[in-house]
Amino acid sequence: SKEYLDNKDDNPKKWLCQPCPVGAFCEGETSRKDVIALKGWWRIPWSAGNMSFGKCPFQDDCLGAESGANTSNFVEKCKDGTKGPLCSICIDHYNRDGGECTLCDDSTVPVRIGILIGLLILFFAAVTFFRRRILQKWGHYRPLWRDFLRVLGINITFAQINSSLPHVLEVPWPNGWHKFLQNFAFVNIDVMSLVGASCIADYNYYISFLIMMCL
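This is a predicted model, so every value here is computed, not measured. (Residues numbered from 1 in each chain as written. Predicted model: local features only at pLDDT ≥ 70, side-chain atom pairs only at ≥ 80, totals over all residues. Heavy atoms only, no water.)

**Structural notes on the overall build of the protein**
The number of helices and strands found in the protein is 5 helices and 12 strands. In terms of C-alpha radius of gyration, the protein reaches 24 Å, well past the compact-globule figure of 17 Å for 215 residues. Expressed as lengths along the three principal axes of its C-alpha atoms, the size of the protein is roughly 90 × 40 × 25 Å. Here the protein holds 215 residues, and the buried ones make up 24% of them. In the protein, of all internal contacts separated by at least 6 residues, the share reaching a separation of at least 24 is 42%. Accessible surface for the protein amounts to roughly 15,100 Å². Of this, 63% is attributable to carbon and sulfur atoms. Distance from the positive charge centre (22 side chains) to the negative charge centre (21 side chains) of the protein: 13 Å. (Helix = DSSP H or I, 4+ residues; strand = E, 2+ residues; numbered from the N terminus. Rg over C-alpha atoms; globule rule 2.2 N^0.38 Å. Buried < 20%, exposed > 50% of the residue type's maximum accessible area, 1.4 Å probe, protein only. Contact = heavy atoms within 4.5 Å. Areas by Shrake-Rupley, 256 points an atom, 1.4 Å probe, with all protein chains shown as cover. Lys, Arg positive; Asp, Glu negative; His and termini not counted. Charge placed at Lys NZ, Arg CZ, Asp CG, Glu CD.)

The following block contains the structure:
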């Protein structure tokens, strides 16, 4: 198995070969200072000895070494535009679209908010306009509406479970599967991210989660 030389002690007699941590690169003659994260993994700074690594939810955002390559060609860091634990947070003036943190475009935020408000206005206008007809037909179509809501709820729940699988099950999911699931991020009702709220002001996870709970 791959190992690295743990030479942190001043006494060379106490140096030992240690197993390479999961998520780390230890190919060739590797000492402690040469151990870096693999691509898609993030060094946990508060871990014992600073030698533990966590798998990033957005693997392309965690830069590091690749198996079979020269470590001198790689730098262990977060991709430009990302920061924080597991490189999962977009920096200021960046917003995560389709799983990637992209530079905010001031013109897109008002458009997104306008589309959201427009859809809400259209929905309430339609309900108001067809209110009398809906009330007249409600008794006849009530079972159909109830079945429609059940089918819709099942599909949304299934899509939410699918989107969480890569973060719950320790399975080497293909990158294509990750990118495919990112197209269905809207089922998690993260409205703040969809409208690009981080482009307007800095907000944290708690604010976003509170809004999702209200919805």
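**Observations concerning helix α2 (residues 131-168)**
Look at α2: only 44 Å from first C-alpha to last across 38 residues, short of the 56 Å you get at 1.5 Å a residue. Roughly 75° is the biggest bend found in α2, and it falls at Trp138. (Expected span 1.5 Å × (residues − 1). Bend = angle between axes of the 7 residues up to and from the residue.)

**Comments concerning the packing of α2 against helix α3 (residues 175-182)**
At their nearest, the axes of α2 and α3 sit 10 Å apart, and the two run at 140° to each other. As far as their axial angle goes, α3 and α2 are oblique. When the axes of α2 and α3 are compared, the crossing they make is left-handed. Along the contact surface, α2 presents Asn162, Ser163 and Pro166, while α3 presents Trp177, His178 and Leu181. A breakdown of the residues in the contact of α2 with α3 according to their chemical character gives 3 nonpolar, 3 polar and no charged. (Axes fitted to C-alpha atoms, helices over the stretch in contact; angles between N-to-C directions. Parallel < 35°, antiparallel > 145°, perpendicular 65-115°, else oblique. Left-handed = near helix turned anticlockwise from the far one by under 90°. Nonpolar A, V, L, I, M, F, W, Y, C, P; charged D, E, K, R; others polar.)

**What to know about the nonpolar core**
Counting 9 residues, the largest nonpolar core consists of Tyr4, Cys20, Ala24, Cys26, Val35, Ala37, Trp41, Met51 and Phe53. The contacts of Ala37, once residues within four sequence positions are left out, are Gly23, Ala24, Arg43, Phe53, Gly64, Ala65 and Glu76. (Core = buried A, V, L, I, M, F, W, Y, C linked by side-chain atoms within 4.5 Å.)

**Considering the state of the cysteines**
Tallying each qualifying case throughout the model produces 4 disulfides. Disulfide pairing places Cys20 opposite Cys26 at an S-S distance of 2.1 Å. Taking the sign of the S-S torsion, about 75° here, the bridge from Cys20 to Cys26 comes out right-handed. For Cys26, a relative accessible area of 4% translates into the label buried. No disulfide involves Cys17; its sulfur sits 11 Å from that of Cys26, the nearest cysteine. According to the relative accessible area criterion, Cys17 is exposed, its value standing at 51%. (Disulfide = S-S within 2.5 Å.)

**Describing the pairing of strand β11 (residues 94-97)**
Here β11 pairs with strand β12 (residues 100-103) via 4 bridges, running antiparallel. Directly across from Arg96, in β12, lies its bridge partner Cys101. Here β11 folds back onto β12 in antiparallel fashion, the turn holding 2 residues, of which Gly98 has a positive phi close to 60°. (Pairing = 2+ DSSP bridges.)

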